[in-house]
Amino acid sequence: MNYRIPRGTQDILPEQSRKWQFIEQKIHDLCNRYNYKEIRTPVFEQTELFARGVGDTTDIVQKEMYTFDDRGGRSLTLRPEGTASTVRSFVENKMHGWADQPVKLYYVGPMFRYERPQSGRMRQFVQFGVEAMGSADPAVDAEVIGLSMDFYRELGLSNLKLVVNSLGDKESRNNHRNALIEHFEPRISEFCADCQQRLEKNPLRILDCKQDNDHELMATAPSILDYLNEDSTDYFKLVQQYLADMDIRFEVDPTLVRGLDYYNNTAFEIMIDGEGFGAITTLCGGGRYNGLVEDIGGPTTPGIGFALSIERLLMALEVQEISLPIEEGLDAYLVTMGEQAKAVSPKLLHGLRSKGLAVDGDYIGKKMKAQMKAADRQKAEFVLLLGDDELAEDNIMVKEMATGEQKQVPLKEIAEWIISQR
Ligand code: HAM
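A quick note: this is a predicted structure, and the numbers were derived from the prediction, not measured.

### Quick look at empty space enclosed by the protein
Applying the stated rule across the entire model yields 3 cavities of 30 Å³ or more. Each pocket or cavity is described by its volume, and for the largest cavity that value is around 40 Å³. Around the largest cavity, the lining residues are Thr-57, Gln-62, Asp-194, Gln-197, Arg-198 and Lys-201. Per element, the largest residue contribution to the lining of the largest cavity is 4 residues, and it comes from helix H7 (residues 193-201). The residue makeup of the lining of the largest cavity, split by class, is no nonpolar, 3 polar and 3 charged.

Now the structure itself:
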């Protein structure tokens, strides 16, 4: 039996994982600057949370969830996204009572969706997301959008397109909903079975249908922007004003509806332009979800956030040929010659590591030349040459790889010597 990795998942091998670590560090630094605090929630939750939170008319809930019964007969689901879990935790931990509002959180972790795998669309992928709950100030919308744009900019990406829309508040959405039903109802039989169901449950979803997106009624569908009431219009204007003040360029796209049910007012996506990216061009998506905390059993609390996947970010970096400034290599590699030198190497390596140095040595009985090659491959700054003769005199030979310069150093001073060269 040959075991294979499950479809739509990947192994991240050491070469790649250094990039992941760099990106994760960038996330922590950036969120720290914006004063967002990390939250870690379980990878599975009660199925009902997502049905309720993400919305049972969405593709995610209808077709893409990894749902199973545990041995106690409870229905659990691997999280397909992070917002519902974060809101569940907000409610359960009574974060609405915390002194500092809004509560600003971020997360990085694996999400699971049973999708048709293709490049940039995985069944397990890692999202970085932020959620700010407890403020209905459009300045928070601008902050959240600014954070996501800063993230990509600081990693060096260009040709990004920020698209924003407003889905309106409850009243505006209801008016728009009625207009959509009126628009599609007479010819709904020409649409797919999913859309026929969506008409009653959530006609906005029809606009997001991948199957029917060429139908002529799509292009002429009533635009949400014509149905925004005064509050929603003013809100959207302010978000746009703040973005302009922050020198963040954007386009308004009234057809942007997003694939999850919880949004109202601001919705946004960041796309990447350009060759080589294939069909999937959305890097990041988010928006406001003012009713969600209440839906999940908490007090009325406004919220906004976004999520993006590291997988799509890495694709974008590759397409734009951006290499991350990753530091690699060892401080030193220990090359031993002779039985006695080999015998003291565990103690020597351990001592160097406990002083904070990154060092390694040979464990498979390589000849000296092969050990030197290993030192080179491992990008060691120094090679420490220890033969039985040096050992007898309590000395060690140090060779700087960049210059080839050699020097003898007393064995007990070697850690300090390497540190002094940094
Ligand atoms: P979403 O649009 O479903 O929103 O996903 C956000 C991002 O996750 C996408 O733009 C994409 O980068 C990434 N993504 C989604 N599915 C896949 C996949 N199968 N493979 C690789 N990457 C993927 C949400 O998940 C919302 N929770 C965002 C949010 C947070 N809204 C408010 N707060």
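### A word on the site of the ligand
Residues in contact with the ligand amount to 27 residues; listed here are only the nearest, Glu-81, Thr-83, Glu-115, Tyr-263 and Leu-283. Within the backbone of Met-122, an N or O atom sits 2.8 Å from a nitrogen atom of the ligand. Interatomic distance of 3.0 Å between a side-chain N/O atom of Gln-127 and an oxygen atom of the ligand. Within the complex, the protein chains bury 96% of what would otherwise be the 660 Å² of accessible surface of the ligand. If you list the elements that add at least two residues to the shell around the ligand, you get strand E6 (124-133), strand E10 (282-288) and strand E11 (303-309). No other element matches E10, which puts 6 residues into the shell around the ligand. In terms of residue class, the shell around the ligand is made up of 11 nonpolar, 9 polar and 7 charged.

### Let's talk about the state of the cysteines
This model, assessed by the stated rule, comprises 0 disulfides. Cysteine Cys-31 shares no disulfide, and the gap to the nearest cysteine sulfur, in Cys-284, comes to 12 Å. The class of Cys-31 is buried, set by a relative accessible area of 0%. Its sulfur unpaired, Cys-195 is 3.6 Å from the next cysteine sulfur, which belongs to Cys-209. For Cys-195, a relative accessible area of 0% puts it in the buried group.

### Looking at the side chain of Ser-309
Residue placement: Ser-309 occurs in strand E11. For Ser-309, a relative accessible area of 9% puts it in the buried group. For Ser-309, the contacting residues outside a window of four places in its chain are Phe-125, Val-126, Gln-127 and Leu-283.

### Observations concerning a negative patch on the surface
There is a patch of like negative charges on the surface, built from Glu-171, Glu-230, Asp-231 and Asp-234. Along the chain, Glu-230 turns up in helix H9 (residues 230-245).

### So, a nonpolar patch on the surface
Residues Val-43, Phe-44 and Phe-68 make up a contiguous nonpolar surface patch of about 240 Å² in total accessible area. Accessibility expressed as a relative area gives 31% for Val-43, which makes it partly exposed.

### Remarks on the UniProt feature "binding site: L-histidine" (unreviewed entry) in the chain
UniProt marks Glu-81, Gly-82, Thr-83, Arg-113, Gln-127, Glu-131, Arg-258, Tyr-262 and Tyr-263 with the feature "binding site: L-histidine" (unreviewed entry), using the numbering shown here. Residues from the named set that contribute to the lining of the second largest pocket are Tyr-262 and Tyr-263. Note on placement: Glu-81 falls in the loop between strand E4 (75-78) and helix H4 (83-92). Beyond its immediate chain neighbours, meaning those up to four positions away, Glu-81 contacts Phe-50, Val-54, Met-111, Arg-113, Gln-127, Leu-260 and Tyr-262. In this structure the side chain of Glu-81 is engaged in a polar contact, spanning 2.7 Å, whose partner is the backbone nitrogen of Ala-84. Mapping Tyr-262 onto the fold places it in the loop between strand E8 (251-252) and strand E9 (264-272). Setting aside chain neighbours within four positions, we find Tyr-262 in contact with Gly-53, Val-54, Glu-81, Thr-83, Arg-288, Tyr-289 and Leu-292. Side chain to side chain, Tyr-262 and Glu-81 meet in a polar contact 2.5 Å long.

### So, the pairing of strand E15 (residues 395-400)
Judged from the 4 bridges that link them, strand E14 (residues 382-387) and E15 form a sheet pairing that is antiparallel. Opposite Leu-384, over in E15, you have Val-398 as the bridge partner. Alignment of E15 against strand E16 (residues 406-410), held across 5 bridges, turns out to be antiparallel. Pairing of Val-398 across the sheet is with Lys-407, part of E16. In this antiparallel pair of consecutive strands, E15 and E16, the connection spans 5 residues, and Gly-404 shows a positive phi of 80°.

Thresholds, definitions, all that
Residues numbered from 1 in each chain as written. Predicted model: local features only at pLDDT ≥ 70, side-chain atom pairs only at ≥ 80, totals over all residues. Heavy atoms only, no water. 1 Å grid on protein atoms, 1.4 Å probe; cavity = no way out; pocket = protein on both sides within 12 Å on 5 of 7 lines; lining within 4 Å. Points joined across faces, edges and corners; volume = space filled by probe spheres on them. Helix = DSSP H or I, 4+ residues; strand = E, 2+ residues; numbered from the N terminus. Nonpolar A, V, L, I, M, F, W, Y, C, P; charged D, E, K, R; others polar. Near = heavy atom within 4 Å. Polar contact = N/O pair within 3.5 Å; in protein donor to acceptor, adjacent residues only side chain to side chain. Areas by Shrake-Rupley, 256 points an atom, 1.4 Å probe, with all protein chains shown as cover. Disulfide = S-S within 2.5 Å. Buried < 20%, exposed > 50% of the residue type's maximum accessible area, 1.4 Å probe, protein only. Contact = heavy atoms within 4.5 Å. Patch = residues over 30% accessible without salt bridge, like charges linked within 9 Å, V, L, I, M, F, W, Y side chains within 5 Å. Salt bridge = Lys/Arg side-chain N within 4 Å of Asp/Glu carboxyl O. Lys, Arg positive; Asp, Glu negative; His and termini not counted. Charge placed at Lys NZ, Arg CZ, Asp CG, Glu CD. UniProt positions renumbered as here; feature names shortened; annotations may be inferred. Pairing = 2+ DSSP bridges.

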